[in-house]
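# Chain and residue survey
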Amino acid sequence: MNRKNITEVFFSPNGTTQEVVQTIGRNFSAEAESCDLLRAPLQQDKRIPKDGLAIVGMPVYAGRIPGLCREWLAHLKGEETPAMAVAVYGNRDYDDALLELTDLLEENGFTVIGAGAFIAQHSIFPKVGAGRPDQADKEAMALFAEKCKENLACLAAGETIKIVVKGNPEYREPGNVPLKPSADKACTRCGVCASLCPTHSIPKDDPWRTNQKTCISCGACIHNCPAGARAFRGPMYAIAEKEFCKKNAAYRKPELFY
Ligand SMILES: Cc1cc2nc3c(=O)[nH]c(=O)nc-3n(C[C@H](O)[C@H](O)[C@H](O)COP(=O)(O)O)c2cc1C
Ligand code: SF4
Ligand code: SF4
């Protein structure tokens, strides 16, 4: 069963969460509206009507959804609107993030018809999950969409849908990654990173600096720097990368709940 309108909501500093949400969305023959929380954070309530469908994707940060997204998602309101919850993680684990997102959507008036955890290249340690999402991931996204269509048909027939998602209901404590990016001599001072940073951690007049206290290590400044000047660097990073790659080399598969 298809819907007339889909709203694709995502926070995607490095583009993979957006890619996953939009790949899932393409399986529905419907007009899709994008709600890109990096470029247009939700500051006011946005209602999605009952006859719509929301596909909401979040990157996993330390096993949770990013703290600043919780504030923006509080403005996303459903009217018993069907929603698909999508967590995208860097091949370590998604821990409680998918459950947290599912709970949040249900608290905000959505009926979650499916939840999926998908793997992407890790944005801090790109050697982990390199090439993900791959063909098998895309097949899992198509299967996920098909199962959610079946649930939409059940909803339309008056059935109740209750999705049970993996995760600890007492969610993990939010964590902070101590690694922060910096710019090098290639920087042209264009200001793109400063205007895109979701926590305003880069001064417009001095983009070589990063506020270490407010930066959430999201990588938007690295991914979008036209000069390729920003990166995670330094001996601490090199040590952490080696350790992280060793621990998280095993191929993880998408997990679907419907
Ligand atoms: C601050 C931070 C914390 C992260 N924590 C986790 C994690 O707990 N588990 C994991 O597998 N990946 C983790 N990752 C990797 C991201 O979940 C992954 O790269 C995600 O797909 C990035 O989405 P994006 O491409 O839309 O920015 C983390 C990334 C960042 C920046
Ligand atoms: S986006 Fe890149 S080139 Fe532009 S100011 Fe930032 S670091 Fe410098
Ligand atoms: S400075 Fe930090 S918070 Fe800002 S875009 Fe870069 S990584 Fe993200």
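Preceding this section is the structure that the text describes.
Heads up: these notes are all about the structure in this document. Predicted, not measured: the structure shown is a model, and the values here were computed from it.

## Topic: the overall build of the protein chain
Assigned secondary structure in the protein chain consists of seven helices and ten strands. In terms of overall size, the protein chain behaves like a compact globule, its C-alpha atoms giving a radius of gyration of 18 Å where 258 residues would be expected to give roughly 18 Å. Dimensions of the protein chain along its principal axes, counting C-alpha atoms only, are 60 × 40 × 35 Å. Within the span of the protein chain, comprising 258 residues, buried residues form 49% of the whole. Across the protein chain, the 32 positively charged side chains and the 31 negatively charged ones have centroids separated by 7 Å.

## Observations concerning the layout of surface pockets
Its volume calculated, the largest pocket comes out at about 1,000 Å³. V60, Y61, H122, I124 and V177 are, among the 46 residues lining the largest pocket, the residues nearest its centre. For the lining of the largest pocket, the secondary structure elements donating two or more residues are α1 (16-25), α2 (67-73), β6 (81-89) and α7 (235-247). Among the elements that make up the lining of the largest pocket, the one with the highest residue count is α2 (three residues). Looking at the lining of the largest pocket residue by residue, the classes come out as 26 nonpolar, 14 polar and six charged. Taken together, domain 1 (5-170 + 252-257) and domain 2 (182-231) each give at least three residues to the lining of the largest pocket, which thus spans both.

## Comments concerning the sheet that holds strand β10 (residues 255-257)
Spatial strand order, β2-β1-β4-β6-β7-β10: six strands in an open sheet with mixed pairing. Each of the sheet's edge strands pairs with one partner strand only, and the pair in question is β2 (31-36) and β10. Across the sheet, the mean angle from the axis of one strand to that of its neighbour is 15°, orientation sign disregarded. Pairing geometry for strand β7 (residues 110-119) and β10, over three bridges, is antiparallel. Looking at β10, one finds that A117 is bridged to E255. Running at roughly 165° to strand β1 (residues 5-10), α1 makes contact with β1, β2, β4 (53-59), β6 and β7 of the sheet. Where helix α4 (residues 135-156) meets the sheet, it contacts β4, β6, β7 and β10, and its direction lies at approximately 170° from that of β7.

## A look at the state of the cysteines
Applying the stated rule across the entire model yields zero disulfides. No disulfide involves C69; its sulfur sits 9.5 Å from the nearest other cysteine sulfur, which is in C218.

## Focus: the site of ligand 2
Neighbouring residues of ligand 2: C187, T188, R189, C190, G191, V192, C193, P207, C225, P226, A227 and R230. Residue composition of the shell around ligand 2, grouped by class: eight nonpolar, two polar and two charged.

Scoring rules and cut-offs
Residues numbered from 1 in each chain as written. Chains lettered and ligands numbered in written order. Predicted model: local features only at pLDDT ≥ 70, side-chain atom pairs only at ≥ 80, totals over all residues. Heavy atoms only, no water. Helix = DSSP H or I, 4+ residues; strand = E, 2+ residues; numbered from the N terminus. Rg over C-alpha atoms; globule rule 2.2 N^0.38 Å. Buried < 20%, exposed > 50% of the residue type's maximum accessible area, 1.4 Å probe, protein only. Lys, Arg positive; Asp, Glu negative; His and termini not counted. Charge placed at Lys NZ, Arg CZ, Asp CG, Glu CD. 1 Å grid on protein atoms, 1.4 Å probe; cavity = no way out; pocket = protein on both sides within 12 Å on 5 of 7 lines; lining within 4 Å. Points joined across faces, edges and corners; volume = space filled by probe spheres on them. Nonpolar A, V, L, I, M, F, W, Y, C, P; charged D, E, K, R; others polar. Domains from an automatic or database assignment. Pairing = 2+ DSSP bridges. Axes fitted to C-alpha atoms, helices over the stretch in contact; angles between N-to-C directions. Contact = heavy atoms within 4.5 Å. Disulfide = S-S within 2.5 Å. Near = heavy atom within 4 Å.

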